[in-house]
Amino acid sequence: MKRAIRKSGDVTALGAMSGTSLDGVDAAVVVTDGHRIGRFGQTLYRAYSEAEQTVLRAALGLWTGPAVEAAREVVEQAHLELLQGVGGVDLIGFHGQTLAHAPRTHGTLQVGDGAWLAEALGRPVVWDFRSADVQLGGEGAPLAPFFHFACAHHIGAEAPLAFLNLGGVGNLTYVDPSFDRPETPGALLAFDTGPANAPINDLLLTRQGLPFDEGGRIARQGSVESGALERFLAEPYFARIPPKSLDRNDFAEMIGMIRDLSDADATATLTAMCAAGVAEGMHHCPTPPARVLVTGGGRHNPVLMQMLAVSLDCPVMPVEEVGLDGDMLEAQAFAYLAVRVARGLPTSCPGTTGVRAAVGGGTLSWPQATGVAV
Ligand SMILES: Nc1ncnc2c1ncn2[C@@H]1O[C@H](COP(=O)(O)OP(=O)(O)OP(=O)(O)O)[C@@H](O)[C@H]1O
Ligand SMILES: CC(=O)N[C@H]1[C@@H]2OC[C@@H](O2)[C@@H](O)[C@@H]1O[C@H](C)C(=O)O
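On a predicted model such as this, the values are computed, not experimentally measured, just so you know. (Residues numbered from 1 in each chain as written. Chains lettered and ligands numbered in written order. Predicted model: local features only at pLDDT ≥ 70, side-chain atom pairs only at ≥ 80, totals over all residues.)

**Focus on unusual backbone geometry**
- Omega for the bond connecting Ala 141 with Pro 142 falls within 30 degrees of zero, at -10°, which places this linkage in the cis form.
- Looking at where Pro 142 falls in the secondary structure, it is placed in the loop between helix 4 (131-135) and helix 5 (145-154).
- In this chain, Pro 242 is followed by Pro 243 through a cis amide linkage whose omega measures 0°.
- Within the fold, Pro 243 resides in the loop between helix 8 (226-233) and helix 9 (252-255).
- We note that Leu 22 has phi near 65°; this positive angle belongs to a residue other than glycine.
- With a phi close to 50°, Asp 128 is a non-glycine residue in the positive phi region. (Helix = DSSP H or I, 4+ residues; strand = E, 2+ residues; numbered from the N terminus.)

Written as structure tokens, this is what we have:
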């Protein structure tokens with residue numbers, strides 16, 4: 001039984017991502033040699049039930065204990081359910097669910113167990129993508145930037161551009177496509193911009209039992225409370241030189257400032273905070289990017305997109321405008337990164353996570369029982 005990933009040529013990988021907005025698991029296939037994107041394949045989605053989301057929320061910010069174990073089980077079962085019927089895949093990239101992220105002190109925690117998933121699916125699984133980077137002094141996040149670099153080449157970009165992911169947390173990648181390798185100094189600069197959808201979701205869940213502000217309907221009816229916005233922007237995080245990353249609930253106390261506002265004003269203010277965090281982040285780019293390509297659920301919010309268009313000095317558009325899939329970009333990123341890990345290529349570098357030197361994060365686990373040759 002052969003237990004090795006082919007050293008050259010294309011690999012068909014499936015990436016699975018359970019993001020900080022806690023809505024569900026995205027999965028997507030990418031055919032790649034670990035450098036360029038060959039083609040994109042099928043995509044899948046499995047929503048978490050309300051009960052499952054409650055279990056996940058209860059474990060946020062925790063590192064061990066029964067709540068973490070319960071969350072791990074939810075994540076593993078959801079992935080198994082989603083992926084067990086999928087065929088024709090050589091390798092799986094399993095991000096898991098981030099429960100806690102404090103790279104400078106405790107580390108970073110993503111549950112499920114990839115060795116278990118490899119066994120359950122009978123396929124090799126790359127997982128635990130962030131630990132090696134943290135151990136080498138990095139932030140462990142964001143990790144999508146190496147994939148953004150490949151996307152920039154895939155779409156034929158010539159001028160520097162930025163990818164902006166608006167999930168639960170926001171993250172931005174500045175890419176200079178004139179470089180051939182993502183780890184070359186100057187090719188990439190990446191960082192988390194601030195809270196994105198998570199505070200909006202949390203507010204509306206508590207106040208109205210809604211999962212999110214669909215179409216920006218509630219924000220549109222409110223006004224931004226400028227005092228709260230100013231105090232938010234005075235947070236030292238925004239002036240800090242990147243790379244830098246955030247935990248999902250890092251700004252929870254700050255965001256408490258909107259506690260006394262109406263639902264509409266609070267939602268408008270949180271939406272403006274997300275856009276303002278991005279605008280602050282743009283000042284850190286080495287040169288002004290020619291365009292900002294937006295991915296993640298936030299691009300479906302026209303109020304947020306309008307705020308970005310007003311506050312950034314360059315065109316802002318969803319990644320669909322260049323033929324990419326903004327609902328699946330992160331899942332695709334972990335398919336791509338899985339192949340890089342399997343081939344011993346780096347997945348982060350000083351410009352993306354602040355790690356001391358370029359590093360290939362991730363553990364490759366093979367199923368003991370079946371073993372699949374690829
Ligand atoms: N139609 C819509 N209108 C407004 N907001 C939306 C819409 N669709 C999605 N969103 C927002 O986007 C969120 C989902 O975004 P996404 O799937 O990119 O997050 P994630 O991958 O979980 O997060 P992260 O990138 O932080 O890991 C939803 O929870 C919601 O807040
Ligand atoms: C620790 C962690 O899971 N961080 C996530 C989170 O969600 C968005 C932002 O914060 C980003 O840093 C990262 O996710 C994406 C997939 C990344 O690593 O690129």
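**Comments concerning the nonpolar core**
- Counting 111 residues, the largest nonpolar core has Ala 13, Ala 16, Leu 91, Ala 335, Leu 337 and Ala 338 as the members making the most contacts within it.
- The dominant element in this core, judged by the number of residues it contributes, is helix 12 (residues 329-342), at eleven residues.
- The two domains that each donate at least three residues to this core are domain 1 (11-138 + 341-353 + 360-365) and domain 2 (156-322).
- Beyond its immediate sequence surroundings of up to four residues, Leu 337 is in contact with Gly 93, Phe 129, Leu 143, Phe 146, Phe 147, Thr 347 and Gly 362. (Core = buried A, V, L, I, M, F, W, Y, C linked by C-beta atoms within 7 Å. Buried ≥ 20, exposed ≤ 12 C-beta atoms within 10 Å, placed from the backbone. Domains from an automatic or database assignment. Contact = placed C-beta atoms within 7 Å.)

**Side note on the sheet that holds strand 9 (residues 188-195)**
- On the basis of which strands lie adjacent, the open sheet formed by five strands has the order 9-8-7-10-11 and mixed pairing. In the strand order of this sheet, the two ends are held by strand 9 and strand 11 (316-318), each with one partner. Sheet twist, expressed as the average angle between the axes of neighbouring strands with direction ignored, equals 25°.
- Here seven bridges tie strand 8 (residues 169-175) to strand 9, and the two strands are oriented antiparallel to one another. The partner of Thr 173 across the bridge, within strand 9, is Ala 190. (Pairing = 2+ DSSP bridges. Axes fitted to C-alpha atoms, helices over the stretch in contact; angles between N-to-C directions.)

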